[in-house]
Amino acid sequence: MSEALVKVYRNELVESIHRGSVAVVNRNGDILYYVGDPYYVTYMRSSAKPLQAIPLVESSALEKYGINERELATIVASHSGEDIHIEAVSSILNKIGLDETYLKCGIHMPYSKETMKKLILKKEKPTPIYNNCSGKHSGMLLLAKMKNYPLEKYYEPGHPVQREILKTMKYITKCEEIKIGVDGCGVPVFGMPLYNMALGFARLTNPEDLERRKKEAAEKIVHAMQSYPENVAGTKRFDTDLMKTTRKVIGKNGAEGVYCVGVLDKGIGIALKIDDGANRAKTPAIMEILKKLNILEGKELEMLKNYHTPLSKNHQGKIVGKIVPEFDLHSFSERETI
């Protein structure tokens, strides 16, 4: 059963409430804290991208094709379509002798308002490379190229690329019963308990017990995300600002109210699901969890305060309310709250 996580205030009245569930798990598989149902089953959506990249990195494709860290960070991104993202994806495709016509992620307007304005002023339409998942798709094509797999239908569940990714997802999350759906960009999406998502991120960021090549791959992915956080999301995006503010964590956004965090110095992973999928509730909830666990403190909390308790403004620009996370973390072993 989910619990109330975030309340939306207009002046003194609570106007809306967002419910959800949280799992905080260590790399050994122990649930440390929870809210609601830590075994709630949902799709991991784009929070899975850092885990999906492990087969690519362990294949030695980065070395063979000269893929740099900025490009690797874009492979695990849900990017805004800014110049740095387009340049990175274009570079990856160029290095493997392909162009964006090979990308089967579909088309949407870039998340970046500045990029969108530029396209409109030039009277140009977005192409697949502006899709927030184009980095992931270029990575899948890169793995297909490396393994001499067919480039066609690389996004379908039966393709060797997707079979390798699914095998790795089961390994890293220790979830054998993964439910497969279709993501917004057309590739398989993975349904599993929040517990397993959190465990996957705990093992990604603290990979000591992984097989050697997977351990090395995990370390490279985490280092790339920390080194180029602007490529993982973009300007004024939470993933980017969180990782720019602290090197203690990596964070990855997912659609429909999903967010996952790996904490490097504590050996834990965090998975969040907002029941109604509301984006506005995710960052306050994650910020509150990181505060309660003493992962973010002092200056870090101050620098990220606009994500922790966002202010609501009317069309006149006046502050009329705020979004506030209000919940307890329950200790799984002691059944206490913090």
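For the structure itself, look to the data block above.
Calculation criteria
- Residues numbered from 1 in each chain as written.
- Predicted model: local features only at pLDDT ≥ 70, side-chain atom pairs only at ≥ 80, totals over all residues.
- Heavy atoms only, no water.
- 1 Å grid on protein atoms, 1.4 Å probe; cavity = no way out; pocket = protein on both sides within 12 Å on 5 of 7 lines; lining within 4 Å.
- Points joined across faces, edges and corners; volume = space filled by probe spheres on them.
- Helix = DSSP H or I, 4+ residues; strand = E, 2+ residues; numbered from the N terminus.
- Buried < 20%, exposed > 50% of the residue type's maximum accessible area, 1.4 Å probe, protein only.
- Pairing = 2+ DSSP bridges.
- Phe/Tyr/Trp six-rings, centres within 6.5 Å; stacked < 30°, edge-to-face > 60°.
- Axes fitted to C-alpha atoms, helices over the stretch in contact; angles between N-to-C directions.
- Parallel < 35°, antiparallel > 145°, perpendicular 65-115°, else oblique.
- Contact = heavy atoms within 4.5 Å.
- Nonpolar A, V, L, I, M, F, W, Y, C, P; charged D, E, K, R; others polar.

*Asks:* Explain empty space enclosed by the protein to me, and be specific about the residues and the numbers.
*Replies:* Enumeration over the complete set of coordinates arrives at 1 cavity of 30 Å³ or more. Approximately 90 Å³ is the volume attributed to the largest cavity. Residue lining of the largest cavity: Lys49, Gln52, Ala53, Leu56, Ile75, Lys136, Gly139, Met140, Leu143, Val161 and Ile165, and that is the complete set. Counting residues per element, the ones that place at least two in the lining of the largest cavity are helix H1 (49-52), helix H7 (134-147) and helix H8 (160-173).

*Asks:* Please set out unusual backbone geometry residue by residue, giving values where relevant.
*Replies:* Even without being a glycine, Asn148 presents a positive backbone phi close to 60 degrees. A relative accessible area of 71% places Asn148 in the exposed class.

*Asks:* Any chance you could break down the pairing of strand S6 (residues 188-193) for me, citing the residues and the numbers?
*Replies:* Within S6, 6 of the 6 residues are buried, which leaves it mostly tucked inside the rest of the structure. Direction of pairing for strand S4 (residues 41-43) relative to S6: antiparallel, over a ladder of 3 bridges. When the sheet's bridge partners are listed, Val41 is paired in S6 with Pro193. Looking at chain direction, strand S5 (residues 179-182) and S6 are connected through 4 bridges and run antiparallel. Paired with Lys179 across the bridge in S6 is Gly191.

*Asks:* Lay out the packing of aromatic side chains in plain terms, naming residues and giving numbers.
*Replies:* Enumeration according to the criterion identifies 5 aromatic pairs in this entry. Seen in terms of ring centroids, Tyr39 and Tyr195 are 5.6 Å apart; in terms of plane orientation they differ by 35 degrees. Their pairing is tilted. Placement of Tyr39 in the loop between strand S3 (31-35) and S4 and of Tyr195 in helix H9 (residues 194-205) is noted, with a sequence separation of 156 residues between them. Here Tyr39 falls in the partly exposed class, since its relative accessible area comes to 43%. Measuring from ring centre to ring centre gives 5.6 Å for Tyr154 and Tyr155, while their planes differ by 85 degrees; the resulting arrangement is edge-to-face.

*Asks:* Describe the packing of H7 against H8, with residues and values.
*Replies:* Relative orientation of the contacting elements H7 and H8 amounts to 105 degrees, with a least axis distance of 9 Å. As judged from the angle between their axes, H7 and H8 are roughly perpendicular. Residues Met140, Leu143, Ala144 and Lys147 of H7 lie in contact with H8, whose contacting residues are Val161, Gln162, Glu164 and Ile165. Partitioned by chemical class, the residues of the contact of H7 with H8 number 5 nonpolar, 1 polar and 2 charged.

*Asks:* Hey, could you go over the environment of Val22 for me, with residue numbers and the actual values?
*Replies:* With respect to the helices, strands and loops of the structure, Val22 is situated in strand S2 (residues 13-26). Val22 sits 89 residues away from Tyr111 along the chain, and the two C-alpha atoms are 27 Å apart. Sequence-distant contacts of Val22, that is, excluding residues within four places in its chain, are made with Tyr33, Tyr34, Val35, Pro38, Leu194, Ile270, Ala271, Leu272 and Ile289.

*Asks:* Talk me through the pairing of strand S9 (residues 268-274); I want residue IDs and the actual numbers.
*Replies:* When you tally the buried positions in S9, you get 7 out of 7 residues, the bulk of the element. Side chains Ile268, Ile270, Leu272 and Ile274 project from S9 onto one buried face, and the interleaved Gly269, Ala271 and Lys273 project onto a second face that is buried too. Of the strand pairs in this sheet, S2 and S9 are connected by 7 bridges, and their pairing is antiparallel. Opposite Ala23, over in S9, you have Ala271 as the bridge partner. Looking at chain direction, strand S8 (residues 258-263) and S9 are connected through 6 bridges and run antiparallel. Bridged to Val263 within S9 is Ile268. Linking S8 to S9, which pair antiparallel, is a turn of 4 residues; within it Gly267 sits at a positive phi near 70 degrees.

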